[in-house]
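The residues making up each chain are set out below.
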Amino acid sequence: MNAQAPVTAKPSGAQNAVRFVLPVIVFAAGLAAWELVVRIREIPPYVLPAPSVIFLTLIKDWAVLSQSLATTLLTTLEGFVAASIGGVALALLFNQSKWVEYSLFPYAVVLQVTPVIAIAPLLLIYLEQQTAVVVCAFIVAFFPVLSNTTLGLNSVDRNLAGLFQLYGASPPQTLRFLKLPAALPYILGGLRIAGGLSLIGAVVAEIAAGTAGAGSGLAYRIAESGYRLNIPRMFAALLLLSLAGIVIYGVLALISHLVLRRWHESALGKEN
Amino acid sequence: MSDAKTSPTVEASLTALAVSLRGVTKAYDNGVMALGPFDLAVRKGEFISLLGPSGCGKSTALRLIAGLSAASSGTVRMSRHEGPAQKIGHGIGFVFQEPTLMPWTSVRENVRLPLKLGGVPKAEGRARADAALASVGLADFADAFPRELSGGMKMRVSLARALVTDPDILLMDEPFAALDEITRFRLNNDLLALWRSLGKTVIFVTHSVFESVYLSQRVVVMTARPGRIQADIRIETLEPRGEEFRTSAAYSDYCRRVSAALAPSYSGQSML
């Protein structure tokens, strides 16, 4: 506990700046050290490219890389949307009927615990390549949505449920006006995890797919550049993947904040 | 609920009664007897308190009356509403120990909920919700969210929601137990004023001797689990009651009598 905290009027502003500036300083220092080591030791780019070389490669190869980025993002988006709809729908189904839940839940767990990298080759045999990649993204991403939504639907306030019962609410009314709003923070939490996971699923499946094609994703670019010892391009593609992951997380976190800001504890300022 | 045969004379006397419980028991699934056998008759327009140690089944009795759970044996009877249309919530308003508000929507929407579930048109529902809010002194807070209100104000919203359907019977389950004393005194006075102006039957569950004597025309003292009636004490004083009653000799005399009736319920229990 900081004893001075209540005295200072605005600690949060300065603290936020520090929280933002510190990682940036660490990042810049790391890049500078990297650049220096590569230059002083004269390490060739096919062993370890300097950050400047990676940046130049990113610009030079932008046509190819942006194409791949679009492909991977589209796959991720398709997998994410499928996982969101599928996860929420399945959770609602489980919530309506214990029989369905008992029958199907073990299989949802099996899908979750089996490594997707091991399922991908099988899917690639039975499905078209593009479909298989989306299915992989779906498999990885849907479970957190399912389990979080289930948790949310089960966390409805007991007295509020009693109130709905007292006023003779129908099951659709209870779902729409009580269960779904009560579960919303949990659902959004699940979606936030699912966003990053669908990117991972898409990348894993692309690597497993491996074959060349016009619309090849970033993961394929990384594998291909590895075979060709084009290490700078590998790094550039990796950088794009990381940025994509950060952006996906940021967008989902922002949506979650905007939806919950008026009522949920997680979105409230610390002054409350 | 099992409907025991009632004699014609009992049937006739029921017309003046708002609520009648006969030989009611409640056992939980694990076999623990929570209540009874319990007999209670509440006249229309009466304000009665159920007073007892925690865990004596007073909340259970209230939930049975509200129809939120079913009695293991015995009969629970309510006076039928004499209007042509069935009342929303069967003419019952319920106030829980916690405010039990939906955090995701505005105060007005919280109060309108019973009407919305009962199919009242939106414009009419909003007008009635605003009127109910005005009756508890919160007309200016209709657009606020529950988290922006203090504990006492939340409880007032909860009361407004119970009143918005114009119920015949108001069931209150230790509604002010979590509030500070000053807020509680104010809400006690406001509740008495509302009761005098609206003429509702009120069944008020509390574990406070002072609150029960101050508010009610009858204090029903219950034994420890399984809850039975220990004493039924009528509080007679000049109406309307106000702060001068709270400081009168008659008041402390009643409190002494009620406390004495309550004492056996605590004998043999460790006072933690």
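Throughout, a residue's number is its position along its own chain's written sequence, starting from 1. Each chain is given a letter, starting from A, and each ligand a number, starting from 1, according to the order in which they appear as written. Since the coordinates come from a predicted model, pLDDT governs what is reported: local features require at least 70, and pairs of side-chain atoms require 80 or more to be given and counted, while whole-chain, interface and lining totals use all residues.

Under an unreviewed UniProt entry, the name given to chain B is ABC transporter ATP-binding protein, and the source organism is Bradyrhizobium rifense. UniProt positions are given in the numbering used here, feature names are shortened, and annotations may be inferred rather than shown by experiment. The record in UniProt for chain B states the following under Sequence similarities (unreviewed entry): "Belongs to the ABC transporter superfamily." Turning to chain B, the UniProt annotation filed under Function (unreviewed entry) states: "Involved in beta-(1-->2)glucan export. Transmembrane domains (TMD) form a pore in the inner membrane and the ATP-binding domain (NBD) is responsible for energy generation."

The name given to chain A in an unreviewed UniProt entry is ABC transporter permease, with the source organism recorded as Bradyrhizobium rifense. In its Sequence similarities (unreviewed entry) section, the UniProt entry covering chain A states "Belongs to the binding-protein-dependent transport system permease family." The heading Subcellular location (unreviewed entry) in the UniProt record of chain A holds the text "Cell membrane".

Under the DSSP-based scheme used, a helix requires at least four consecutive residues in state H or I and a strand at least two consecutive residues in state E, with every element numbered from the N terminus. Looking only at helices and strands, chain B features nine helices and nine strands. Remark: C-beta atoms are placed from the backbone, and a residue is labelled buried if 20 or more other C-beta atoms sit within 10 Å of its own, exposed if 12 or fewer do, or partly exposed between those counts. Residues classed as buried in chain B amount to 42% of the 272 residues present. A separation of at least 24 residues holds for 73% of the contacts in chain B among residues at least 6 apart in sequence. Contact between residues is assigned whenever the C-beta positions, reconstructed from backbone atoms, fall within 7 Å.

Residue and element names in this part refer to chain B. Judged by how many residues are buried, strand β6 (residues 169–173) sits mostly within the fold: five of five residues are covered. Of the two faces of β6, the one lined by Ile169, Leu171 and Asp173 and the one lined by Leu170 and Met172 are each fully buried. Here a strand pair is declared whenever DSSP counts at least two bridges between the two strands. As defined by bridge partners, strand β5 (residues 92–95) adjoins β6 across four bridges and the pair is classed as parallel. Bridging across to β6, Val95 finds its partner in Met172. Summarising the sheet, β6 and strand β7 (residues 201–206) pair through five bridges and their orientation is parallel. Among the inter-strand pairings, Leu171 is bridged to a residue of β7, identified as Ile203. Crossovers are described as right-handed under a simple rule: with the strands pointing away from the observer, the path leading from the first strand over the helix to the second runs clockwise. Since β6 and β7 lie parallel, the crossover through helix α6 (residues 181–198) that links them has a hand, and here it is right-handed.

You'll often see interface size given as the accessible area lost when the parts meet. At the junction of the two partners, chain A supplies 15 residues and chain B supplies 17 residues. Looking at the side of chain A that touches chain B, the elements that each hand over two or more residues are α7 (158–166) and α8 (171–209) of chain A. Top contributing element to the side of chain A that touches chain B by residue count: α7(A), with seven residues. A per-class count over the side of chain A that touches chain B returns eight nonpolar, five polar and two charged. Note that Gly is not counted as nonpolar here; it falls among the polar residues with everything else outside the nonpolar set of Ala, Val, Leu, Ile, Met, Phe, Trp, Tyr, Cys and Pro and the charged set of Asp, Glu, Lys and Arg.

Here we come to the sheet that holds strand β2 (residues 33–43) of chain B. All names here are of chain B. Spatial strand order, β2-β1-β4: three strands in an open sheet with antiparallel pairing. A single partner strand is all that each edge strand has here, and the edge strands are β2 and β4 (73–78). Strand after strand, the sheet turns through a mean of 15° between neighbouring axes, direction not considered. In this structure, strand β1 (residues 17–27) lies alongside β4, joined through five bridges in antiparallel fashion. Bridge assignment links Arg22 to a residue of β4, and that residue is Thr75. Here an angle of 0 to 180 degrees is reported between the N-to-C directions of two axes, which are lines fitted to C-alpha atoms, with helices fitted over the stretch in contact.

Turning our eyes to something else, we now look at the domain arrangement of chain A. Split by domain assignment, chain A resolves into domain 1 (12–42) and domain 2 (49–267). Throughout the structure description, domain borders are defined by an automatic or database domain assignment. Just the C-alpha atoms count here: the centres of domain 1 of chain A and domain 2 of chain A sit 31 Å apart.

All names here are of chain B. If you check the domain split of chain B, you get domain 1 (17–79 + 169–266) and domain 2 (103–167). For domain 1 versus domain 2, the distance between C-alpha centres works out to 25 Å. Taken together, the 11 residues of domain 1 in the interface contact seven residues of domain 2. Going through the elements one at a time, β6 and α6 are the ones with two or more residues in the side of domain 1 that touches domain 2.

Residues and elements named next belong to chain A. Taken residue by residue, helix α5 (residues 116–126) has Val116, Ala120, Leu123 and Leu124 as its buried positions. The arc that holds the buried residues of α5, viewed along the axis, is 100°, so those residues lie on one side. Counted as exposed and oriented over 90 degrees from the buried face of α5: Ala118, Leu122, Ile125 and Tyr126. Considering only its buried residues, α5 is in contact with α6 (129–154) and α8. Comment: arc refers to directions from the helix axis out to C-beta atoms.

Turning to the UniProt feature "transmembrane region" (unreviewed entry) in chain A, a few remarks are in order. Residue and element names in this part refer to chain A. Under the UniProt annotation, "transmembrane region" (unreviewed entry) lies at residues 20–38, 45–63, 69–92, 104–126, 132–156, 200–223 and 235–260. Between the C-alpha atoms that bound residues 20–38 the distance is 28 Å, and the span itself is 100% helix and 0% strand. In residues 69–92, helix accounts for 100% and strand for 0%; the two terminal C-alpha atoms are 34 Å from one another.

Turning our eyes to something else, we now look at the sheet that holds strand β3 (residues 47–51) of chain B. Residues and elements named next belong to chain B. Pairing is mixed across the open sheet formed by six strands, whose spatial order is β5-β6-β7-β3-β8-β9. Two strands bound the open sheet, and with one partner strand each, they are β5 and β9 (229–234). The mean inter-strand angle of the sheet, taken between neighbouring strand axes irrespective of direction, is 15°.

Residues and elements named next belong to chain B. Per-residue confidence from the predictor is given as pLDDT, running between 0 and 100. Within chain B, residue pLDDT values average 83, and 89% of them lie at 70 or more. Per-element averaging of pLDDT across chain B places helix α1 (residues 8–14) at the bottom with 45 and helix α3 (residues 107–117) at the top with 93. Under a pLDDT of 50 for its full length, residues 1–14 has, in the predicted model, 11 contacts with residues more than four places off or in other chains. The ipTM assigned to the predicted complex is 0.83, against a pTM of 0.81.

With that settled, consider the packing of helix α9 (residues 218–227) of chain A against helix α10 (residues 231–260) of chain A. Residue and element names in this part refer to chain A. Where α9 contacts α10, the two axes come as close as 8 Å, and the packing angle between them is 160°. Considering the angle they form, α9 stands roughly antiparallel to α10. In the packing of α9 onto α10, the handedness of the crossing is left-handed. On α10, the residues that touch Leu218, Arg221, Ile222, Ser225 and Gly226 of α9 are Arg233, Met234, Ala237, Leu238, Leu240 and Leu241. Among the residues forming the contact of α9 with α10, the class breakdown is seven nonpolar, two polar and two charged. For classification purposes, an angle smaller than 35 degrees is called roughly parallel, one larger than 145 roughly antiparallel, one from 65 to 115 roughly perpendicular, and anything else oblique. Take the far helix as the reference: if the near one is turned anticlockwise from it by less than a right angle, the crossing is left-handed, and if turned clockwise, right-handed.

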